[in-house]
Amino acid sequence: MSEPERVPHFVTPYLPHLSGLMTYYAADLTICEALLKLFRDYAERYLAMLDRDQCISLFTSSASLLKHYSEQHCQNRVIHKRSEALEGEFEEEQSYQDILCAIQLLIHLGTKDFTDLCNSSKGVETGQITDVIFFGLQQILPLMTQGLLQYPTLCQMYFSLVGFMVETYPEKLCGLPFELFSSLLDSLLFGMSHSDSLVSKSSLQGLASLAKEHLKTHALASHLATKGDIIENCSQRLIQEVIFKPIIWDRLEPSGMALLPLAAIDVHKFIGLVSIISQQLGSDDKQQRMHQAFERLIKPQVLAKVAAEGREGRMVRIQFKNNFDAFVRDIHSFLIMK
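Residues numbered from 1 in each chain as written. Predicted model: local features only at pLDDT ≥ 70, side-chain atom pairs only at ≥ 80, totals over all residues. Heavy atoms only, no water.

J.: Please give an account of the overall build of the chain that cites residues and values.
T.: Counting secondary structure elements, the chain contains 19 helices and zero strands. In the chain, which comprises 338 residues, the proportion classed as buried is 47%. For the chain, the share of sequence-separated contacts (at least 6 apart) that also reach a separation of at least 24 residues comes to 76%. (Helix = DSSP H or I, 4+ residues; strand = E, 2+ residues; numbered from the N terminus. Buried < 20%, exposed > 50% of the residue type's maximum accessible area, 1.4 Å probe, protein only. Contact = heavy atoms within 4.5 Å.)

J.: Lay out empty space enclosed by the protein with the relevant residues and their values.
T.: If you walk through the whole model with that rule in mind, you get three cavities of 30 Å³ or more. Lining of the largest cavity is provided by Phe 181, Leu 185, Leu 207, Leu 210, Ala 211, Leu 220, Ile 230, Ile 231, Cys 234 and Leu 262. Elements with a minimum of two residues in the lining of the largest cavity: helix H11 (178-191), helix H12 (197-217) and helix H14 (230-243). In the lining of the largest cavity, the residues fall into 10 nonpolar, no polar and no charged. Considering only enclosed or pocket space, the second largest cavity measures out at about 50 Å³ in volume. Taken together, Lys 212, Met 257, Leu 260, Pro 261, Val 306 and Arg 317 make up the full set of residues lining the second largest cavity. Grouping the constituent residues of the lining of the second largest cavity by class yields four nonpolar, no polar and two charged. (1 Å grid on protein atoms, 1.4 Å probe; cavity = no way out; pocket = protein on both sides within 12 Å on 5 of 7 lines; lining within 4 Å. Points joined across faces, edges and corners; volume = space filled by probe spheres on them. Nonpolar A, V, L, I, M, F, W, Y, C, P; charged D, E, K, R; others polar.)

J.: Explain the packing of H11 against H14 residue by residue, including any values.
T.: The relative placement of two packed helices is expressed as an angle between their axes plus a distance between the axes. As a packed pair, H11 and H14 sit with axes 11 Å apart at the nearest point and diverge in direction by 15°. Taken together, the axes of H11 and H14 lie roughly parallel to each other. Crossing angle aside, the handedness with which H11 passes H14 is right-handed. Residues Phe 178, Phe 181, Leu 185, Leu 189 and Phe 190 of H11 form the contact with H14, whose own contacting residues are Ile 230, Asn 233, Cys 234, Arg 237 and Glu 241. Each residue belonging to the contact of H11 with H14 can be placed in one class, and the counts come to seven nonpolar, one polar and two charged. (Axes fitted to C-alpha atoms, helices over the stretch in contact; angles between N-to-C directions. Parallel < 35°, antiparallel > 145°, perpendicular 65-115°, else oblique. Left-handed = near helix turned anticlockwise from the far one by under 90°.)

J.: Lay out the packing of aromatic side chains in plain terms, naming residues and giving numbers.
T.: Under the definition given, this model contains nine aromatic pairs. Ring centres of Phe 10 and Tyr 14 lie 5.4 Å apart, and the angle between their planes is 45°; on these two criteria the pair is classed as tilted. Taken together, a centroid distance of 6.1 Å and an interplanar angle of 15° make the contact between Phe 320 and Phe 324 stacked. Note that Phe 320 and Phe 324 are positioned in helix H19 (residues 310-335) at a spacing of four residues, about one turn of the helix. Classification of Phe 320 as buried rests on a relative accessible area of 2%. Residue class for Phe 324 comes out buried when judged on its relative accessible area of 1%. Positioned above the aromatic ring of Phe 134 is the side chain of Lys 172, whose terminal nitrogen or guanidinium carbon lies 5.5 Å from the ring centre. (Phe/Tyr/Trp six-rings, centres within 6.5 Å; stacked < 30°, edge-to-face > 60°. Lys NZ or Arg CZ within 6 Å of the ring centre and 35° of its normal.)

J.: Tell me what's going on with unusual backbone geometry, and back it up with residues and numbers.
T.: Here His 218, not a glycine, exhibits a phi torsion of approximately 55°, which is positive. Note on placement: His 218 falls in the loop between H12 and helix H13 (221-226). Residue classification places His 218 among the exposed residues on the basis of a relative accessible area of 55%.

J.: Account for helix H2 (residues 15-25), naming residues and giving values.
T.: Three- or four-residue spacings in an α-helix give side chains the same orientation, since the helix completes a turn every 3.6 residues. Three or more residues of H2 are buried, namely Leu 15, Ser 19 and Met 22. In an axial view of H2, the angular spread of the buried residues amounts to 35°, which keeps them on one side of the axis. Those residues of H2 that are exposed and aimed more than 90 degrees away from the buried face are His 17 and Tyr 24. (Arc of directions from axis to C-beta.)

J.: Could you give an account of the side chain of Ser 255, naming the residues involved and the relevant values?
T.: With respect to the helices and strands, Ser 255 occurs in helix H15 (residues 252-265). Ser 255 gets classed as buried once you look at its relative accessible area, which sits at 0%. Those residues within four positions of Ser 255 in sequence are excluded, and the remaining contacts are Leu 204, Leu 238, Val 242, Ile 243, Ile 248 and Phe 324.

J.: Mind laying out the nonpolar core, listing which residues take part and the relevant values?
T.: Soluble globular proteins: nonpolar side chains tend toward being buried together. Counting 106 residues, the largest nonpolar core has Ile 243 and Phe 294 as the members making the most contacts within it. Per-element accounting of this core gives the leading share, nine residues, to helix H6 (residues 97-110). (Core = buried A, V, L, I, M, F, W, Y, C linked by side-chain atoms within 4.5 Å.)

J.: How would you explain the side chain of His 223 if you had to name every residue and give the values?
T.: Structurally, His 223 is set in helix H13. Looking at His 223, its side chain comes within polar contact range of the main-chain oxygen of Leu 176, at 3.1 Å. Once residues lying within four places of it in the same chain are set aside, the contact partners of His 223 are Cys 174, Leu 176, Pro 177, Phe 178, Phe 181 and Ile 230. (Polar contact = N/O pair within 3.5 Å; in protein donor to acceptor, adjacent residues only side chain to side chain.)

J.: Account for the layout of surface pockets, naming residues and giving values.
T.: Empty space within the largest pocket amounts to approximately 200 Å³. In terms of lining residues, the largest pocket is bounded by Glu 167, Pro 170, Gln 205, Ala 208, Ser 209, Lys 212, Glu 213, Lys 216, Pro 254 and Met 257. Elements with a minimum of two residues in the lining of the largest pocket: H12 and H15. Considering each element in turn, the lining of the largest pocket owes the most residues, six residues, to H12.

Note that all results are geometric; they support no functional claim without further evidence.
Take a look at the structure:
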């Protein structure tokens, strides 16, 4: 047995017991953070050399750890307003290191090719792993308020995790209970207009993935039955908070790729939304130019093929991307430029 392999061999039997400590010490933030750091660092350094049984032990123990952590902190945690002073902001962000560790633990577990990592001929089933990651994400979602997302490091790590999960497993996220799905969607809508372009791109790509999944499988049907204007709200906020704003230029392509499936879900409702937005512009000239610009962009025969796979789907996206670039330049010529 090589020197690095001795550590997993020694640690694995103790992981369930270490995870169990969270049951007793979750209220003590110092111990809570130490346990999360231990699991995070162990996953980061040793996951690549674990065999099948060691992998299962780590994932099961991590799920238990996050469950007990969430039970204590989702209800009792108070998120304070971010300080304006840079030094104060750093100190405040440090006080949320436990949440950062939980997110980083999920990132380390969730971005690995688990079947290749396990040395045994019988690898861990991908479904087992994704279930644990998905369960972990459900535990931390209630903590991720807009107040907490004001902290740069936490924000970047959270959207790194969510971006990966939404692009890889959109069907699972569409199937979340409504309250959790609403929290996830709110965070994506918050992130798409974020000043950090990486955060905004992850958010927009996540929004696009959810919309495309609904186009293919009607995955959001149950949520739309609860709140019927979800798609229209997403489209309106995307148009007014991103596309019509000067920030659009560093997130132009992902904005277009998010608008495309949102518009394709229900073209008639989207056209009605455009009419409402146009009426807010005031002058008849601007309203007319807005309608003309959207008419050139939104072509029903193109939107009907959005969900297509292969070459046809690629050609539709390329065509829309080019049209969207021209649309944004046209819109900004009379909305922003004087």
